[in-house]
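# Residue-level structural notes
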Amino acid sequence: MKNQLDALCVTLINLNILAKPVDRSIFERDATLVSDYSVVVGGDGTNQAVTLSRLGRQVGVCGSIGNDHFGQLAIQLLRECGIHIDHVTISPIEQTAICLVMIGANGDRNFIVKRGACDSYTLADIDPMIYGSAKILNIGSVYTFKKLFGKDMAKLLHQAQMHGMITTADAMYDSYQIGAEKMRPAMQYLDYFLPSYDEAKYLTGETEPDKMADALLDYGVQTVVIKMGEKGCLLKNRELRLEQPAFHAPAVDTTGAGDNFIAGFLHGILNQWDLEKCLLFASATAAISIGAIGATGAVQSAQQVLDWLKEKHITL
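These numbers were taken from a predicted model, which means no experiment stands behind them.

### Observations concerning the sheet that holds strand β6 (residues 97–103)
Sheet architecture is open: four strands sit in the order β3-β2-β6-β7, paired in mixed fashion. The sheet is open, and its two edges are formed by β3 (36–42) and β7 (109–114), each paired on a single side. Within the sheet, the average angular offset between the axes of one strand and its neighbour, ignoring direction, is 15°. Pairing geometry for β6 and β7, over six bridges, is antiparallel.

### Regarding helix α9 (residues 302–311)
Buried within α9 we find Ala302, Val305, Trp308 and Leu309. Here the buried residues of α9 occupy an arc of 125° about the axis, which is enough to place them on one side. On the buried face of α9, the contacting elements are α1 (44–54), α7 (257–270) and α8 (275–289). Looking one or two places after α9, you find His313, whose phi comes out positive at around 65°.

### Notes on the pairing of strand β2 (residues 14–20)
Buried residues dominate β2, accounting for six of its seven residues. Pairing geometry for β2 and β3, over seven bridges, is antiparallel. The partner of Ala19 across the bridge, within β3, is Tyr37. One ladder, built from six bridges, connects β2 with β6; its direction is parallel.

### Regarding the sheet that holds strand β4 (residues 59–66)
One open sheet accounts for nine strands, arranged β5-β4-β1-β8-β9-β10-β11-β12-β13; its pairing is mixed. Because the sheet does not close on itself, it has two edges, and the strands there are β5 (84–91) and β13 (241–244). In the sheet, strand β1 (residues 5–10) pairs with strand β8 (residues 134–139) via five bridges, with the strands oriented parallel. Counted as the bridge partner of Val10 is Ile139 from β8. Seen against the sheet, helix α3 (residues 150–162) touches β1, β8 and β9 (166–169) and runs at an angle of roughly 165° to β8.

Reading guide: rules and limits
- Residues numbered from 1 in each chain as written.
- Predicted model: local features only at pLDDT ≥ 70, side-chain atom pairs only at ≥ 80, totals over all residues.
- Heavy atoms only, no water.
- Pairing = 2+ DSSP bridges.
- Helix = DSSP H or I, 4+ residues; strand = E, 2+ residues; numbered from the N terminus.
- Axes fitted to C-alpha atoms, helices over the stretch in contact; angles between N-to-C directions.
- Buried < 20%, exposed > 50% of the residue type's maximum accessible area, 1.4 Å probe, protein only.
- Arc of directions from axis to C-beta.
- Contact = heavy atoms within 4.5 Å.

What follows is the structure, given as structure tokens:
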């Protein structure tokens, strides 16, 4: 059925094993005792999909896992989160991706990552039936995949647009050293691009948020949202410029705050809210998300976010 999902996220699918608190002297001891841990399904777009599902959306993920116990657990956890898995492929040779998340007492975190099946994922692994299957095609991060970037990603996004899908993406650290230039062909097929400040700096070579946004608009992006952490965010397109200050909240774990921001923003887009409302809801979703361990441990519903905003005397 055309547009049967609200969003389909093309993403790394991994298991996140989180532990807190872990300090910088971990390697100076034989063992480190922690007070809290969690095992959750994760990955950039996977986090976004889970939060979108919690916000009441019908969401699917598109990616690859290994034929192993971790893969089976990832599928089980996705189902428990209400995520559609029809477009998840199973690699017969690669392991399921895994991420060890070490969280400091102040909420900062460091990652140990094995990408596994994600490393071999290509455009040929994506079922053409995805096109038109959702209102939004969301790329968890444009630098997620070792073999799906640049011209191939441009083909994926172009086909999605040709089938009436809204295209969105985050950026992420370029761990494969693909480079900024090779990613530019995909930019012209993005309706919304939501990189962090550092990611936008890497992609454009600029240091001022407005200049970053202008450069990305020149690459062909329709609307740019630059996430700047505690400094809030900047949204810019050819007709509009908006700034949204960050909401301050106690940080238990900042893992996935940007992913929750994106989920909140896409929820607003699906509601056909104006962009100012989308930014307010996204910022509130991100602020709530850092109040629990794990990227998807805090946000439970759209009403929770609306109530949180009402406590601050903000009504959408």
